[in-house]
Amino acid sequence: MLAFILRRLAQAVVVMLTVAFIAFMLFQYVGDPVTNILGQDATPEQRDQMRADLGLDQPFFVQFGRFVVNAAQGEFGLSLRQGQKVSTLLLERFPATLELVIVAAVIALVVGIPMGVYTALNRGTFLSQVMLTFSLLGVSLPTFLIGILLIMLFSVTLGWLPSFGRGEVVQIGAWTTGWLTPTGWKHLILPAVTLAIFQLTLIMRLVRAEMLEVLRTDYIKFARARGLSNRAVHFGHALKNTLVPVITITGLQLGGLIAFAIITETVFQWPGMGLLFIQAVTFADIPVMAAYLCLIALIFVIINLAVDLLYFAVDPRLRVERPGGGH
């Protein structure tokens with residue numbers, strides 16, 4: 001177990017160093033920070049002094065080493081567009097993104113799993129075919145188009161829900177939440193549903209495929225031969241084994257929701273990290289872009305590590321030593 005954890009941690013460090021190198025190269029080849037700070041009218045002496053102050057006159061690997069040390073401490077310098085510390089900007093935007101992602105993940109699980117079970121157990125029925133058609137549309141339509149269609153229907157045509165912003169929020173220490181206000185929930189519904197639809201359809205189709213596969217196995221046939229009811233077979237045996245890969249995929253998709261919330265946040269002007277990143281790209285705000293890249297990579301690495309450890313703990317076959325010393 002210890003060797004497994006150390007190996008995964010070593011792989012995680014390599015991944016993070018690779019991402020840090022890519023983020024560092026943004027500083028080297030996308031724009032000139034000296035020009036961004038001083039402007040076009042600065043004298044050569046002022047430019048040289050600023051370059052020295054920023055450490056840009058140091059050798060490449062010295063600069064990269066300093067960047068890695070600062071990044072490990074959560075320091076990415078100042079935003080070129082807003083003049084604030086990048087870490088402060090991300091902390092301000094992180095609650096909005098996390099709340100959006102959590103609600104989207106809950107919607108995807110609560111709706112996707114029952115739909116997958118229903119379509120597996122009721123193949124050929126009209127409702128099952130409708131659900132499969134919906135899932136095909138959910139996978140095929142781009143997220144921004146889904147968001148625009150929902151805005152046209154529920155905001156413009158029906159006028160039921162707001163089309164942009166986060167609504168009223170409550171400050172709890174350093175955290176801001178819209179979960180404690182009615183307007184916060186009203187503003188959250190459309191972006192959360194938009195973000196959840198792709199994940200929902202993915203989970204539904206995965207549950208359906210796994211359920212159909214499990215229902216063909218021998219132990220399900222033996223359970224039926226013992227006289228167990230369909231309800232006991234379907235939900236006591238089949239569903240339990242179906243959900244193991246679903247939990248794994250859901251864990252990995254949680255990182256994907258955070259990373260791909262960029263489009264949803266842009267469509268709904270949701271004040272999260274994704275919108276901050278899009279604004280940073282528009283204005284070539286390299287410190288914010290680099291920090292966002294490193295943060296998303298860290299989230300993916302942590303989730304992958306957690307999923308690997310969960311699999312290792314649950315599946316005893318992974319703990320059996322194979323010939324040749326491998327695992």
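The notes below deal with the structure included here.

What counts and how
- Residues numbered from 1 in each chain as written.
- Predicted model: local features only at pLDDT ≥ 70, side-chain atom pairs only at ≥ 80, totals over all residues.
- Heavy atoms only, no water.
- Axes fitted to C-alpha atoms, helices over the stretch in contact; angles between N-to-C directions.
- Helix = DSSP H or I, 4+ residues; strand = E, 2+ residues; numbered from the N terminus.
- Parallel < 35°, antiparallel > 145°, perpendicular 65-115°, else oblique.
- Contact = heavy atoms within 4.5 Å.
- Nonpolar A, V, L, I, M, F, W, Y, C, P; charged D, E, K, R; others polar.
- Buried < 20%, exposed > 50% of the residue type's maximum accessible area, 1.4 Å probe, protein only.
- Patch = residues over 30% accessible without salt bridge, like charges linked within 9 Å, V, L, I, M, F, W, Y side chains within 5 Å.
- Areas by Shrake-Rupley, 256 points an atom, 1.4 Å probe, with all protein chains shown as cover.
- Salt bridge = Lys/Arg side-chain N within 4 Å of Asp/Glu carboxyl O.
- Core = buried A, V, L, I, M, F, W, Y, C linked by side-chain atoms within 4.5 Å.
- Left-handed = near helix turned anticlockwise from the far one by under 90°.
- Expected span 1.5 Å × (residues − 1).
- Bend = angle between axes of the 7 residues up to and from the residue.

1. Brief notes about the packing of helix α5 (residues 86–121) against helix α11 (residues 273–282)
Consideration 1: Put simply, α5 and α11 touch, their axes get as near as 7 Å, and they point 130° apart. Relative to α11, the element α5 is oriented oblique. Side by side, α5 and α11 meet where L89, L90, R93, F94 and T97 of the first sit next to M273, G274, L275, L276 and Q279 of the second.
Consideration 2: Among the residues forming the contact of α5 with α11, the class breakdown is 6 nonpolar, 3 polar and 1 charged.

2. What about the side chain of T264?
Consideration 1: Here T264 lies in helix α10 (residues 230–267).
Consideration 2: Judged by its relative accessible area of 1%, T264 falls in the buried class.
Consideration 3: Among all residues touching T264, those that are not within four sequence positions of it are T143, P191, T194 and L195.

3. A short note on a nonpolar patch on the surface
Consideration 1: Nonpolar side chains collect at one region of the surface, where I102, V106, L109, V110, V111, I172, W175, W179, L180 and W185 lie side by side and expose about 860 Å² of accessible area between them.
Consideration 2: For the nonpolar patch, the leading source of residues is α5, giving 5 residues.
Consideration 3: Secondary-structure assignment places W179 in the loop between β2 (175–177) and α8 (182–215).

4. A word on the nonpolar core
The nonpolar side chains of soluble globular proteins are, as a tendency, buried together.
Consideration 1: Among the nonpolar cores identified, the biggest contains 41 residues, and F67 and L195 are the most heavily contacted of them.
Consideration 2: Mapped by element, the contributors of at least two residues to this core are α1 (2–29), α4 (60–72), α5, α8, α10, α11 and α12 (286–314).
Consideration 3: Sort the elements by how many residues they give to this core and α12 lands first, with 11 residues.
Consideration 4: Discounting residues that sit within four places of it in the chain, F67 has contacts with A20, A23, F24, F27, F76 and A290.

5. Quick word on the packing of α1 against α4
Consideration 1: At their nearest, the axes of α1 and α4 sit 10 Å apart, and the two run at 120° to each other. You can see that α1 and α4 cross each other, and the crossing is right-handed. Contact with α1, carried on its side by L17, A20, F21, A23, F24, M25, F27 and Q28, involves F60, Q63, F64, F67 and V68 of α4 and no other residues of that element.
Consideration 2: Here the contact of α1 with α4 is built from residues that sort into 11 nonpolar, 2 polar and no charged.

6. As for the pattern of salt bridges
Consideration 1: Taken as a whole, this structure holds 2 salt bridges when the rule is applied.
Consideration 2: A salt bridge links E75 to K85; the nearest nitrogen and oxygen atoms lie 3.3 Å apart. Of this pair, E75 sits in the loop between α4 and α5 while K85 sits in the loop between α4 and α5, placing them 10 residues apart in sequence.
Consideration 3: Residue R166 is joined to E99 by a salt bridge in which the shortest nitrogen-to-oxygen separation is 3.3 Å. Of this pair, R166 sits in the loop between α7 (143–157) and β1 (170–172) while E99 sits in helix α5, and the two are 67 residues apart along the sequence.

7. Some words on α7
Consideration 1: Taking 1.5 Å of rise per residue, the 15 residues of α7 would be expected to cover 21 Å, and the 20 Å separating its terminal C-alpha atoms lies within 8% of that figure.
Consideration 2: In the structure, α7 departs most strongly from a straight axis at I151, where the bend amounts to approximately 30°.
Consideration 3: Every buried residue of α7 is accounted for by I146, G147, L150, I151 and S155.

Honestly, it's all geometry; don't read function into it.
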